[in-house]
Amino acid sequence: MDNCFKCRTLQEEDEQAIRRLVELAFPFLPIGKFWDWKYLRNPSFDRSFVAVAEDEGKIIGCNHWLRRKIKLSDSIVVDSMLGASIAVLAEYRKKGVGKALIHFLRSQHSERKLALMYMFADSELRKHFHTPVAGYVPAPGGTVWYRKILNWNKVNTNMTDFNTRVKQGEFGDRLNNVDLTVVFKVHGAPPLCLHLDGEGFETTSSIEKADVTISSDGKLFTKIRDQQIGMRMLIGSLVTGRLRIGGSPRKMFELYKNIRAFREILSGKIT
Amino acid sequence: MLVRTVRDGDEPAIVELFNRVYCRYGGFVPRTVEYWRWCCLERPDVKKDGVFLAFDGGNLSGYAVAGSSGNIWEFCVADGDEKAADALLVEAVNYLEKTEVSSVNVNVPGDAAFTKSLRKAGFGEVPAVEMFVTTLNPAALVDALVTSRKQSFVGRFDDELAVRLHDVPYGVSKEFSVRIRDASVEIAEALTAKPSIIVDLGFSDFLSVLFGGSSVSRLFLSGKIKVKPLRKLFAVLALLSAIRLEGKWFFPLSDFI
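As the structure is a computational prediction, the values presented were derived from the model and not from experiment.

## Some thoughts on the interface of chain A and chain B
Then comes step 1: Each side of the interface is counted separately: chain A has 64 residues, and chain B has 69 residues.
Then comes step 2: By residue number, the principal contributor to the side of chain A that touches chain B is strand 7 (residues 143-149) of chain A, which donates seven residues.
Then comes step 3: Residue classes in the side of chain A that touches chain B are distributed as 29 nonpolar, 19 polar and 16 charged.
Then comes step 4: When strand 7 of chain A meets strand 5 (residues 103-109) of chain B, the two strands line up antiparallel, connected through seven bridges. Opposite A:Thr143, over in strand 5 of chain B, you have B:Pro109 as the bridge partner.

Laid out in structure tokens, this is it:
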């Protein structure tokens with residue numbers, strides 16, 4: 001399968017397949033509307049800046065470039081290209097399709113003398129894909145993201161899934177003796193009070209009766225949840241008061257023993 | 001202080017405010033009415049009743065573009081107008097609460113005065129996606145950086161530099177030359193026949209220097225930049241330091257998706 005695909009520029013008849021592909025790759029975007037808005041209705045959209053990869057007539061990947069002017073400093077504005085929406089069907093990933101798409105667009109537009117290309121990604125993806133393939137380096141910093149959590153509805157959905165698995169016996173008798181209430185106080189969010197016992201999780205409003213209280217800011221909470229924090233930073237956060245954990249040692253040990261269950265319902269997209 | 005939703009004809013004032021408030025930053029698309037309409041008003045999750053404008057004495061002092069996905073795509077407040085920032089955040093959050101989203105996201109320059117208003121309104125800093133840059137044509141990038149600072153080179157340099165890059169990604173030219181004489185600076189993609197200085201460095205180090213990620217002298221001390229003849233080292237360091245970008249960058253959410 002590796003070498004069967006070929007890359008070419010987007011044709012009008014590919015649009016339906018590309019729309020579907022982008023929706024599959026970016027499920028959090030509004031279905032059916034996003035691609036049309038971002039590309040077809042974009043004042044600077046140009047089909048020659050979109051590459052598709054096909055395997056025996058089937059569209060398996062795409063990469064979009066968007067022409068934009070961008071400011072480099074208070075007085076310098078340059079023509080640039082945004083490397084946007086690179087998507088490859090799951091079964092064709094790690095076979096060089098993304099790299100081939102980038103190389104194809106670069107070879108097609110080599111005469112354009114592009115001073116700047118930019119893109120947005122998380123650091124891991126950039127390190128393992130975008131830098132080796134296209135030489136991306138971090139842009140000057142300065143942008144800070146803020147979030148206000150309005151509710152924990154998505155945690156409720158995760159809890160329902162978890163409790164179904166408890167009922168199906170997936171956890172055996174591991175939760176039988178558990179009786180633990182933990183309240184999470186995250187800056188900028190309503191408190192989240194979770195009770196775990198043999199039947200699974202439930203939310204409770206009795207914050208004052210919580211066995212363990214965990215308080216932190218949103219950035220730290222996300223890092224702990226995503227396991228992006230080492231023991232040294234965890235201890236440092238406790239020492240500086242950025243992370244506070246309160247409760248009896250017995251209950252804190254009970255939380256430690258069941259941390260996987262909590263991590264499971266708090267992982268993924270919860271806000 | 002008056003806060004109302006957007007109306008036809010508000011766009012020129014909005015665009016002017018955005019470009020004025022964020023003028024000292026790099027990293028974003030300078031707003032035109034056409035671009036702003038497309039990236040805010042026509043966005044699939046944005047309706048006109050989610051675009052709030054704050055006026056102070058008849059002048060636009062801020063605006064917020066809230067989308068039903070929970071993103072405040074653009075948040076812009078004239079420097080120091082805390083009242084406008086507070087009022088816009090209240091309107092945007094109230095609007096998004098009605099759409100039953102789980103959270104509200106917004107990004108702003110870290111040193112903006114209105115970050116205080118965000119914290120007051122219950123927003124907390126979160127880790128996020130970052131912006132990355134590269135070039136397909138190093139000569140064109142250097143040309144853009146040099147052109148705006150030409151005046152600072154007058155009388156300081158009289159050299160022809162040949163810059164050789166290694167570890168360049170696919171499709172990128174490996175060399176270029178810079179000829180500086182009096183007030184004239186010429187950048188060419190080919191190397192000159194008899195350069196007075198030859199500079200060798202890695203592609204990513206070259207970009208890191210220009211975009212402020214690495215210091216030129218540190219790269220030299222670690223052996224990552226090689227200059228021939230060595231006596232011209234200070235001229236190279238001075239040139240690279242003169243063209244590197246020092247300012248902060250800010251990209252609003254509306255430029256990101």
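## Considerations on the environment of B:Val51
Residues and elements named next belong to chain B.
Then comes step 1: Counting through the fold element by element, Val51 comes out in strand 2 (residues 51-56).
Then comes step 2: Placed 70 residues apart in sequence, Val51 and Ala121 show a C-alpha to C-alpha distance of 18 Å.
Then comes step 3: The residues contacting Val51, other than those within four sequence positions of it, are Thr5, Val6, Cys40, Val46, Tyr63 and Val65.

## A look at the pairing of strand 5 (residues 116-121) of chain A
Then comes step 1: Relative to strand 5 of chain A, strand 4 (residues 77-88) of chain A is paired through three bridges, and the arrangement is parallel. Paired with A:Leu82 across the two strands is A:Tyr118, which belongs to strand 5 of chain A.
Then comes step 2: Following the chain from strand 4 of chain A across helix 3 (residues 97-108) of chain A to the adjacent parallel strand 5 of chain A, one finds a crossover that is right-handed.
Then comes step 3: Where strand 5 of chain A meets strand 7 (residues 130-134) of chain B, five bridges bridge the pair, whose relative direction is antiparallel. Bridge pairing links A:Met119 to B:Phe132 in strand 7 of chain B.

## Topic: the nonpolar core
Then comes step 1: Within the largest apolar cluster, 149 residues are counted, with the highest numbers of intra-cluster contacts made by A:Leu101, A:Tyr118, B:Tyr63, B:Leu88 and B:Ala92.
Then comes step 2: Sorting elements by how many residues they give to this core places helix 3 (residues 82-98) of chain B first, with nine residues.
Then comes step 3: Not counting chain neighbours up to four residues away, the residues in contact with B:Tyr63 comprise B:Ile14, B:Leu17, B:Val51, B:Phe52, B:Leu53, B:Ala54, B:Cys76 and B:Leu88.

## Regarding the domain arrangement of chain B
Then comes step 1: You can read the domains of chain B as domain 1 (2-128) and domain 2 (138-243).
Then comes step 2: Between domain 1 of chain B and domain 2 of chain B, the C-alpha centre-to-centre distance is 40 Å.

## Side note on the sheet that holds strand 10 (residues 200-203) of chain A
All names here are of chain A.
Then comes step 1: Strand order in the open sheet made by the five strands is 10-9-8-11-12, with mixed pairing throughout. If you trace the sheet from one side to the other, it starts and ends with strand 10 and strand 12 (244-247), each paired once. For this sheet, the mean angle separating the axes of adjacent strands, direction not counted, is 20°.
Then comes step 2: Taken strand by strand, helix 5 (residues 153-167) contacts strand 9 (192-197) and strand 10, and its axis lies near 150° from that of strand 10.

## A closer look at the sheet that holds strand 2 of chain B
Residue and element names in this part refer to chain B.
Then comes step 1: Spatial strand order, 1-2-3-4: four strands in an open sheet with antiparallel pairing. With one partner strand each, in any of the chains shown, strand 1 (2-5) and strand 4 (72-77) form the two edges of the open sheet. Averaged over all neighbouring strand pairs, the angle between strand axes comes to 20°, with direction disregarded.
Then comes step 2: With five bridges joining them, strand 3 (residues 59-66) and strand 4 adopt antiparallel strand pairing. Residue pairing across strands places Ala66 opposite Ile72, the latter belonging to strand 4.
Then comes step 3: The strands that helix 1 (residues 11-21) touches are strand 3 and strand 4; relative to strand 3, the one it contacts most, it runs at about 90°.

What counts, and where the lines are drawn
Residues numbered from 1 in each chain as written. Chains lettered and ligands numbered in written order. Predicted model: local features only at pLDDT ≥ 70, side-chain atom pairs only at ≥ 80, totals over all residues. Contact = placed C-beta atoms within 7 Å. Helix = DSSP H or I, 4+ residues; strand = E, 2+ residues; numbered from the N terminus. Nonpolar A, V, L, I, M, F, W, Y, C, P; charged D, E, K, R; others polar. Pairing = 2+ DSSP bridges. Right-handed = clockwise from strand over helix to strand, strands pointing away. Core = buried A, V, L, I, M, F, W, Y, C linked by C-beta atoms within 7 Å. Buried ≥ 20, exposed ≤ 12 C-beta atoms within 10 Å, placed from the backbone. Domains from an automatic or database assignment. Axes fitted to C-alpha atoms, helices over the stretch in contact; angles between N-to-C directions.

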